[in-house]
Amino acid sequence: MTEGTQQTSSDNTAISPFRVGFPEAELTELRRRVNATRWPERETVTDDSQGVRLAMMQDLAAYWATGYDWRKCEAKLNDLPNFTTEIDGLDIHFLHVRSQHQDALPLIVTHGWPGSIIEQLKIIDPLTSPTAHGGTADDAFHLVIPSLPGHGFSAKPAATGWDPARIARAWVVLMRRLGYTRFVAQGGDWGAAVTQQMGIQAAPELAGIHSNMPGTAPAAINTAVQRGDPPPPDLSAEELRAYQQLSGFFAQHVAYAQIMSTRPQTLYGLADSPADLAAFMLDHGDGTGQPGLVERVLAGTLDSPLTRDDLLDNITLYWLTNTGISAARLYWENKAAFFDAKPITLPYAISVFPDELYQAPRSWAEAAYPHNLIHYNTLPKGGHFAAWEQPDLFTAEMRASFRTLRCRD
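Residues numbered from 1 in each chain as written. Predicted model: local features only at pLDDT ≥ 70, side-chain atom pairs only at ≥ 80, totals over all residues. Heavy atoms only, no water.

Draft legend 1. Spatial organisation of the packing of aromatic side chains. One pass over the structure, following the stated rule, counts 18 aromatic pairs. Seen from their ring centres, Tyr256 and Tyr331 are 6.2 Å apart, and the 80° between their planes marks the pair as edge-to-face. With Tyr256 in helix H9 (residues 255-262) and Tyr331 in helix H14 (residues 324-333), this pair connects stretches of sequence that are 75 residues apart. Side by side, Tyr256 and Tyr331 carry an identical accessibility label, which is buried. One aromatic cluster is present, built from ring pairs that chain together Trp113, Trp190, Phe249, Phe250, Tyr256, Phe280, Tyr331, Phe338, Phe339 and Tyr358. One residue, Arg308, lies across the ring of Tyr63, its end atom 3.5 Å from the ring centre. We note Arg406 situated over the ring of Phe141; from NZ or CZ to the ring centre the distance is 4.4 Å. (Phe/Tyr/Trp six-rings, centres within 6.5 Å; stacked < 30°, edge-to-face > 60°. Helix = DSSP H or I, 4+ residues; strand = E, 2+ residues; numbered from the N terminus. Buried < 20%, exposed > 50% of the residue type's maximum accessible area, 1.4 Å probe, protein only. Lys NZ or Arg CZ within 6 Å of the ring centre and 35° of its normal.)

Pasting the structure below:
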């Protein structure tokens, strides 16, 4: 399904160039399946409280089948340096974009679900070529953007065990293999889980981490929101808002994660129906309330460069690689909580976007990381997919977050 330039070396540490290339027959079959969708009746409410609305899905499907061009995305991907390498018995795909600035800081950025490396495409040039985007040479990064196991162009695990902790260890192996002796890491969603595991493991080469979905909740709070307990009376206004957001997430928006964490193999529709895959990916509970955010993207009313084609690029990547179920298994593998404070002592930078699942209060962040919180900032706009939704703000946060961790002569 993809074209890879494989090295003949028997060394399983080899790094091989990779090129994306799907046969036209795969795209023809995708359009046929979209057109052949058997639609249900419309929802019986006038809002999205029952899920992704029929009219929105039919409009998106009509464009997907007739106006959307995957080859544009394929060309963008192939304009970037793509590679694969075997780590712990699994082929890992990654983008590796080096800055022209010699002293650039190496940064590994990890996507989440239902995301992919496509989430990060708009931040690559601003981070690696800062002088062309309002920055200085001192703001430059060398970027490594891997595809999670079972996602995108990385291989699908054939056995259990690939949880965030194991992925975190693999990412350190990857950075070492690329020759980086000092680097930083960033992630949101699953990327946050992996990046925080990297922080817990504290490899000597890792100088610090950043997350836009950090774990900061005190243990008692994390337990209470999952039980549906009323908020404690002594919370500040900021803490009460976070408590209510987390309570609402567990009460109303976590169903997608529960089905994947318990019965991922049952989701055969993700492999068989493009419409089912698209609807499931679009309705997963962003802080602004998916699919409401998607409707704003499609209507052009979201204050963001995120477009309809961006959404379909990501969905189509999942379809062409048939990774709906293999990606879902990461939820089954994971046993760690998302939102609780983590035992991390490395330098930790946090960015709080207003439409994230919850806005981590400064008080929780400072209590969780009293000696190592090197950056905390609240942003005026943006949500769960921060790099995708607000690439300029995200870029500025990366520059500010890691400024103190750069080596200076």
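Draft legend 2. The pattern of salt bridges, seen in detail. Tallied over the full model, the rule gives 16 salt bridges. Here Arg42 ties to Glu43 by a salt bridge, and the two come within 3.6 Å at their closest N and O atoms. The partner of Glu366 in a salt bridge is Arg362, and the shortest N-O contact between them spans 3.5 Å. Here Arg362 and Glu366 lie together in helix H15 (residues 362-368), a separation of four residues that amounts to about one turn. Since its relative accessible area comes to 39%, Glu366 is described here as partly exposed. (Salt bridge = Lys/Arg side-chain N within 4 Å of Asp/Glu carboxyl O.)

Draft legend 3. The arrangement of H9 in detail. For H9, the full list of buried residues reads Tyr256, Ala257 and Met260. When H9 is viewed along its axis, its buried side chains cluster within an angular range of 95° and face the same direction. On the buried face of H9, the contacting elements are helix H8 (237-253), helix H11 (274-282) and H14. (Arc of directions from axis to C-beta. Contact = heavy atoms within 4.5 Å.)

Draft legend 4. Main features of the environment of Glu389. Its location among the elements puts Glu389 in helix H16 (residues 386-389). The spacing of Glu389 and Pro218 is 171 residues in sequence and 29 Å in space, taken between C-alpha atoms.

Draft legend 5. Representation of the side chain of Ser99 within the structure. For Ser99, the position within the fold is in the loop between strand E4 (90-97) and strand E5 (105-110). For Ser99, a relative accessible area of 9% puts it in the buried group. At 3.0 Å, the side chain of Ser99 forms a polar contact with the backbone nitrogen of His101. Beyond its immediate stretch of four places on either side in the chain, Ser99 contacts Ala104, Thr128, Ala140, Phe141 and His142. (Polar contact = N/O pair within 3.5 Å; in protein donor to acceptor, adjacent residues only side chain to side chain.)

Draft legend 6. Molecular detail of the packing of helix H1 (residues 24-35) against helix H2 (residues 54-66). Taken N-terminus to C-terminus, the directions of H1 and H2 make an angle of 150°; their axes are 9 Å apart at the nearest point. Between H1 and H2, the interaxial angle falls into the category roughly antiparallel. As for the relative orientation of H1 and H2, their crossing is left-handed in sense. Contact residues: H1 offers Leu30, Arg31, Val34 and Asn35, while H2 offers Ala61, Trp64 and Ala65. Here the contact of H1 with H2 is built from residues that sort into five nonpolar, one polar and one charged. (Axes fitted to C-alpha atoms, helices over the stretch in contact; angles between N-to-C directions. Parallel < 35°, antiparallel > 145°, perpendicular 65-115°, else oblique. Left-handed = near helix turned anticlockwise from the far one by under 90°. Nonpolar A, V, L, I, M, F, W, Y, C, P; charged D, E, K, R; others polar.)

Draft legend 7. Inspection of the environment of Leu379 at higher detail. With respect to the helices, strands and loops of the structure, Leu379 is situated in the loop between strand E10 (373-378) and H16. Each C-alpha atom, one on Leu379 and one on Ala203, is 30 Å from the other, the two residues being 176 residues apart in sequence. Setting aside residues no more than four positions away along its own chain, Leu379 makes contact with Ser351, Val352, Phe353, Pro354, Leu393 and Glu397.

Everything listed here is a matter of coordinates, which is why it stays silent on function.
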